[in-house]
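Chain and residue survey
Okay, here's what each chain looks like letter by letter:
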Amino acid sequence: MKEILMGMIAVENVIDYGVDNSGGGDPTTNTEGIQRALDEAESNGGGIVYFPVGKYLINETLKLPSKVKILGEGGTTFGFLQHEIGTSNFLNFPSTIIIMDDDSNVNMLEPKGLPPLQYGANNNILYQAEIENLILFGNKENQTRGDGIHLSDITNNSYSTRGHVRFRNILIYQFYGNGFYGGIGHHELYFDEVVVFGCDSDGVILYGQDTKVNRLQSADNGGTGIKILGKKDDTKPALHASGAIRLYDIDCWSNAKGIEIIDTLNVFFYGLGCNLNTIGVHIHPGITQEGWSPLQIHFFRANFDANTECDVKVSSSAPNLGSANILFESCLFRGKEVVPPQTPPDYAIVDESYIPARNIVSNCFFRRDLYGIGIINNNGIYTFRDCFDYNSRRVLDEITVPYSYVDYDYTILPTDGYITVGTATGNITITLPKLSDTQVGKVLFLSKVDSHSNSVTIIPDTWTNDIIQGATTINQQFETLMVVNAGAAWYSVKIS
């Protein structure tokens, strides 16, 4: 029976379509009945499909049309997650719960897409749709694949959608695949009070532009809590590029990685809890290279606590540049308390980029005693401003790299960072410090500024077995070598 709210909005009650909400019944009948209700709402130009409190067993993918809202009751809150997940009370919670039947092995919910004759095949466009007050239970122990909400990639390169699709008060629980997959071309998604918990792959994957996320928890997932990507491959057109994503009051814990940011730009976190992951945040380029990547990633008032390997990892591989314009403002890095023979993370921030950028750490608080070696492995590049160390009870002034100017043979000190070689009458030999006297990741910059025909050559310490890989000689004016402690050897490359 159709109801009309305020004389405008049509409401379809799934019970009127032969759907059983007792947790039993025929899952095929339930799936078909729910889909008929969704299609009826679509045929009326949009509307609400209402699920009363109960348990709905399905065995096929539900196709959500544009301009249709799925509305349940109860849903979830962060408090529900804490008190009910993992207990026998879960399926008895007074809410709307959609459950995947055993061995269904499909995504629970996908876009229906627009008519293929008008928009091309497999466009998967979704706009002005909503899902509110639901628990989606993937029953992963009895599945071999399948995501929770799966916004399929828009494969027609002529279209993308600023969909204004909204997800409110939802628990996505225990899917064999990803909890939420926001595919290529789906822009302007909105999340409010969403929990993704216990999925075998990633919790949330976002590709689109201008997404806003407010109060999201992604926890206990086998992969990454929240993964934000720019490009899937080099064929993706510019209209699908991602960025301008804002995330407010986010909590990612007990995942392999809390947050992962790849090949995108303009991502801001305002209030982030990133705890008990192997890596808290991992920022790196993907398969593409377009200068510094990712770019402009900012964290305001983030809390990093008890991450096993490190709180933040920034990395890239040759020939990729590192990430640029990363800012940590007013963040707390609390390290990890361990019981021997366990060891704490070596550093709070680890930058292993092929060419690291000068990123900024400002007004942050560190528990220096709960890191094995130091705050960051790459002091020569990162700028520290007004940071506070719990151990020394002192402000950490901006960490600057000592600068040396030489016009003679010179042995680099472990504390040196920038060495400029000036006018000289003959060739100059620069001796590197011992690898064992510097940290892995230590970066040295050696520049020649004179126009004479003399050369500058770098060699390892005479009394060690250290080796150098890569370029070792500067011949031209203004040439620069970047030399990195790569662990087993010094690695040197010309950067200008």
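Residues numbered from 1 in each chain as written. Predicted model: local features only at pLDDT ≥ 70, side-chain atom pairs only at ≥ 80, totals over all residues. Heavy atoms only, no water.

1. Examining the sheet that holds strand β33 (residues 410-411)
Taking strand neighbours across the sheet as the criterion, the 4 strands line up as β33-β35-β37-β39 in an open arrangement whose pairing is mixed. Looking at the sheet topology across the chains shown, the edges are occupied by β33 and β39 (473-474). Alignment of β33 against strand β35 (residues 428-431), held across 2 bridges, turns out to be parallel. Its bridge partner being in β35, Thr-411 is matched across the sheet by Thr-431. (Pairing = 2+ DSSP bridges. Helix = DSSP H or I, 4+ residues; strand = E, 2+ residues; numbered from the N terminus.)

2. Thoughts on the layout of surface pockets
Estimated volume of the largest pocket: approximately 440 Å³. Lining the largest pocket are 22 residues, with Asp-351, Glu-352, Asn-377, Val-440 and Gly-441 positioned closest to its centre. Of all the elements in the fold, those that place two or more residues in the lining of the largest pocket are β25 (347-352), β40 (480-485) and β41 (490-494). Here the lining of the largest pocket takes 4 residues from β25, the largest share from any one element. For the lining of the largest pocket, a count of residues per class yields 12 nonpolar, 6 polar and 4 charged. (1 Å grid on protein atoms, 1.4 Å probe; cavity = no way out; pocket = protein on both sides within 12 Å on 5 of 7 lines; lining within 4 Å. Points joined across faces, edges and corners; volume = space filled by probe spheres on them. Nonpolar A, V, L, I, M, F, W, Y, C, P; charged D, E, K, R; others polar.)

3. Remarks on empty space enclosed by the protein
As enumerated under the stated definition, the model contains 1 cavity of 30 Å³ or more in all. The computed volume of the largest cavity comes to approximately 40 Å³. Residue lining of the largest cavity: Met-100, Ser-104, Asn-105, Val-106, Gly-138, Gln-143, Arg-145, Gly-146, Phe-175 and Tyr-176, and that is the complete set. When its residues are assigned to classes, the lining of the largest cavity shows 4 nonpolar, 5 polar and 1 charged.

4. Regarding the nonpolar core
Phe-299, Phe-328 and Phe-333 are the most contacted members of the largest nonpolar core, which has 85 residues in total. Those residues in contact with Phe-299 that sit more than four places away from it in its chain are Ile-261, Phe-269, Leu-272, Val-281, Ile-283, Leu-327, Phe-328, Glu-329 and Cys-331. (Core = buried A, V, L, I, M, F, W, Y, C linked by side-chain atoms within 4.5 Å. Buried < 20%, exposed > 50% of the residue type's maximum accessible area, 1.4 Å probe, protein only. Contact = heavy atoms within 4.5 Å.)

5. Re the environment of Phe-299
Mapped onto the fold, Phe-299 is located in strand β21 (residues 295-305). On the basis of relative accessibility, which here comes to 0%, the residue Phe-299 falls in the buried class. Each C-alpha atom, one on Phe-299 and one on Leu-327, is 6.1 Å from the other, the two residues being 28 residues apart in sequence.

6. A look at the pattern of salt bridges
Enumeration according to the criterion identifies 18 salt bridges in this entry. In this structure, Glu-110 and Lys-63 form a salt bridge, with 2.5 Å as the shortest nitrogen-oxygen distance. Note that Glu-110 is positioned in strand β8 (residues 109-111) and Lys-63 in strand β5 (residues 62-64), a separation of 47 residues in sequence. A residue is classified by how much of its surface remains accessible, and Lys-63, at 30% relative accessible area, is partly exposed. When salt bridges with common partners are traced through the structure, they connect Lys-69, Glu-130, Glu-132 and Arg-168 into a single cluster. (Salt bridge = Lys/Arg side-chain N within 4 Å of Asp/Glu carboxyl O.)

7. Section: the packing of aromatic side chains
This structure, assessed with the given rule, holds 21 aromatic pairs. Where Tyr-173 meets Phe-197, the ring centres are 6.1 Å apart and the plane angle is 35°; that geometry is what we call tilted. In this pair, Tyr-173 sits in strand β11 (residues 161-173) while Phe-197 sits in strand β13 (residues 186-197), placing the two residues 24 residues apart along the sequence. For Tyr-173, a relative accessible area of 6% gives the class buried. For Phe-197, a relative accessible area of 11% corresponds to the buried category. (Phe/Tyr/Trp six-rings, centres within 6.5 Å; stacked < 30°, edge-to-face > 60°.)

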